Structure formats: structure tokens, C-alpha cells
Amino acid sequence: MISYKNIVFDMGRVLTDYDADLSTRQFTDDPAVIREVNLVVYHSGEWTMLDAGLISEEEALFDMMRHCSSDEVRRVAKESFLHWDDYNLMLHPGMDRVVRGVKEAGKNAYILSNNSVRMAKGDRWKDYVPCPELYDGMFISACYHTLKPQHLIYETFLKTYGLKPQDCFFIDDLKRNVRAASACGIDGCVFDGDAEALYHRLLD
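Before going into details, it helps to say that this report is about the structure given with it. Keep in mind that this is a model prediction, so the values were computed, not measured.

Observations regarding the overall build of the protein
Thought 1: A count of helices and strands for the protein gives nine helices and seven strands.
Thought 2: Here the C-alpha radius of gyration of the protein, 18 Å, is about what a compact globule of 204 residues would show, namely 17 Å.
Thought 3: Reported as C-alpha extents along the three principal axes, the dimensions of the protein are approximately 55 × 30 × 30 Å.
Thought 4: The proportion of buried residues among the 204 residues of the protein is 50%.
Thought 5: In the protein, once contacts between residues fewer than 6 apart in sequence are set aside, the share between residues at least 24 apart is 72%.
Thought 6: Accessible area of the protein: about 9,700 Å², with a carbon and sulfur share of 50%.
Thought 7: For the protein, the distance from the average site of its 23 positive side-chain charges to the average site of its 33 negative ones is 4 Å.

Observations concerning the environment of P149
Thought 1: Mapping P149 onto the fold places it in the loop between β5 (137–140) and α7 (151–161).
Thought 2: By relative accessible area, P149 is classed as partly exposed at 35%.
Thought 3: For the pair P149 and F9, spaced 140 residues apart in sequence, the C-alpha separation works out to 14 Å.
Thought 4: If near-sequence neighbours (up to four positions away) are discounted, P149 is found in contact with Y154, R176, N177 and A180.

Description of the pattern of salt bridges
Thought 1: In this structure the tally under the stated criterion is 16 salt bridges.
Thought 2: Between R118 and E57 there is a salt bridge, and its shortest N-O distance comes to 2.9 Å. In this pair, R118 is assigned in the loop between β4 (108–113) and β5 and E57 in helix α4 (residues 57–66), connecting sequence segments 61 residues apart.
Thought 3: Among the salt bridges present, the one from D172 reaches K148, with a minimum N-O distance of 2.8 Å. Of this pair, D172 sits in strand β6 (residues 168–172) while K148 sits in the loop between β5 and α7; the two residues are 24 residues apart in sequence, bridging distant segments of the chain.
Thought 4: Given the relative accessible area of 0%, D172 is considered buried.

A word on the side chain of D167
Thought 1: If you trace the backbone, D167 turns up in the loop between α7 and β6.
Thought 2: Lacking a salt bridge, the buried D167 has K5 as its closest oppositely charged neighbour, with an N-O distance of 4.2 Å.
Thought 3: Non-local contacts of D167, meaning those with residues more than four positions away in its chain, are made with Y4, K5 and N6.

With respect to the packing of aromatic side chains
Thought 1: Here the structure, examined in full by the defined rule, presents 12 aromatic pairs.
Thought 2: An angle of 70° between the planes, with centres 5.3 Å apart, marks the rings of W47 and W84 as edge-to-face. Within this pair, whereas W47 is found in helix α3 (residues 45–51), its partner W84 is found in helix α5 (residues 71–87), the two being separated by 37 residues in sequence.
Thought 3: A residue is classified by how much of its surface remains accessible, and W47, at 12% relative accessible area, is buried.
Thought 4: Plain terms: the ring middles of F139 and F157 are 5.8 Å apart, the flat faces sit at 85° to each other, and that makes the pair edge-to-face. Highlighted residues: F139 in strand β5 and F157 in helix α7, separated in sequence by 18 residues.
Thought 5: Residue classification places F157 among the buried positions, given a relative accessible area of 1%.
Thought 6: Cluster of aromatic residues (ring-pair linked, three or more members): Y110, F139, Y144, F157 and Y161.
Thought 7: When the ring centre of Y199 is taken as origin, the NZ or CZ atom of R97, which lies over that ring, is 3.6 Å away.
Thought 8: Its guanidinium or amino end placed over the ring of F81, R118 lies 5.2 Å from that ring's centre, counting from NZ or CZ.

Considering the environment of D96
Thought 1: One can find D96 in helix α6 (residues 95–104).
Thought 2: Taking the C-alpha atoms as reference, D96 lies 8.4 Å from V129; in sequence the two are 33 residues apart.
Thought 3: Setting aside residues no more than four positions away along its own chain, D96 makes contact with P130 and C131.

Rules behind the numbers
- Residues numbered from 1 in each chain as written.
- Predicted model: local features only at pLDDT ≥ 70, side-chain atom pairs only at ≥ 80, totals over all residues.
- Heavy atoms only, no water.
- Helix = DSSP H or I, 4+ residues; strand = E, 2+ residues; numbered from the N terminus.
- Rg over C-alpha atoms; globule rule 2.2 N^0.38 Å.
- Buried < 20%, exposed > 50% of the residue type's maximum accessible area, 1.4 Å probe, protein only.
- Contact = heavy atoms within 4.5 Å.
- Areas by Shrake-Rupley, 256 points an atom, 1.4 Å probe, with all protein chains shown as cover.
- Lys, Arg positive; Asp, Glu negative; His and termini not counted.
- Charge placed at Lys NZ, Arg CZ, Asp CG, Glu CD.
- Salt bridge = Lys/Arg side-chain N within 4 Å of Asp/Glu carboxyl O.
- Phe/Tyr/Trp six-rings, centres within 6.5 Å; stacked < 30°, edge-to-face > 60°.
- Lys NZ or Arg CZ within 6 Å of the ring centre and 35° of its normal.

Shown next as C-alpha cells:
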């Protein structure tokens, strides 16, 4: 069992799986439209700015609509954007066991996520993560106007919860985010999707 007091989980593609096209498929089956919506919504600069808390949803949607090539793409893009949180996220298999194991071992569990303020409103994030009642803190990037892998997000996270970096272990699906955490004194690992292996790494 690792000795760290605090286990810090990324949300997307760690605690949850994420498919940007699932919402879009609710409103069209045209593959060309799906591809374009993926680009103008989910891989857009506006999406990144939402995660950083730099623009409102209304501003983001207005700009996304300007990038669409047709009225049909605009229609689907708007519906997909307005409803992405209803369709795009689902629990990652086996991560409920990991979170419960962490808490049963007497450790603290935190979430550190690049995400928009939509997830923070009414604690919407609790609808998607395993064992939502077990976390000691949820840190959503947009609420603090910073993003992984900026060093500021790790420093602000530690300060917000009064944690020491050497007491934390961070799990993220992106190597650059784990590397940035390491530069701030936080050990961690890159999650490859194998919840069983992660369980044994943390708790055996």
C-alpha cells in the first residue's frame, strides 16, 4: 500500500469515461455533421476557455455557432453543447472499487479536474463520478481560472485544501498533467484505463 495520505483523481477518462460524440449522435446520424460538431464544439478554443473559466457558456456558444458551416450543423452543435453533460459521461468500470478502497484504507480522496462551471453548479459532478459521497474535495478548474498542466492549478489546489505536496498522489490519464504535478512536488502516475491494476498499486 502506498503511504500517501491524499489520493487525487482526475475526473474525465479516470473516474469517468468520456465520448464527445455521444451527445451529438442524439441529434443526428450524419457522420459529416458529427465530425464537424466534434471540431467546432469539443475541440475548440472556446471549450478550453470554458474549462479555464474565461468565458461564459453564452459567449462560447455564440462563437461556436459562427464556426459552423450550415444551419443544420448549427442546430446540432447547439443541441449537443446544451446537453453534453446528459450524454457524454459515464462511470469508468472498476473505479468505484478503487475509491472505496482508498477511503477504507483511511486515506482522503480528492478530484482535480479540468472542467467548466456547469459541473460545479448544484454539484452536478456528483451525478457522474463513482461514490460521490466519499470525496473530501472537488476542485474544478473553471472555478479557479486555471488549467492543468499549469503549475498554478496544483499550487491552488494544495492551498485550497491545506495539503502538503509530499502527502499527495495524483492520477491522470495525460502524462503532461502528471509531469506538471511532479514539478510541484506531487507524485503520481498515468492511468491507462486498468482500474484493477490501479487498485493494487494503491492498496496492496
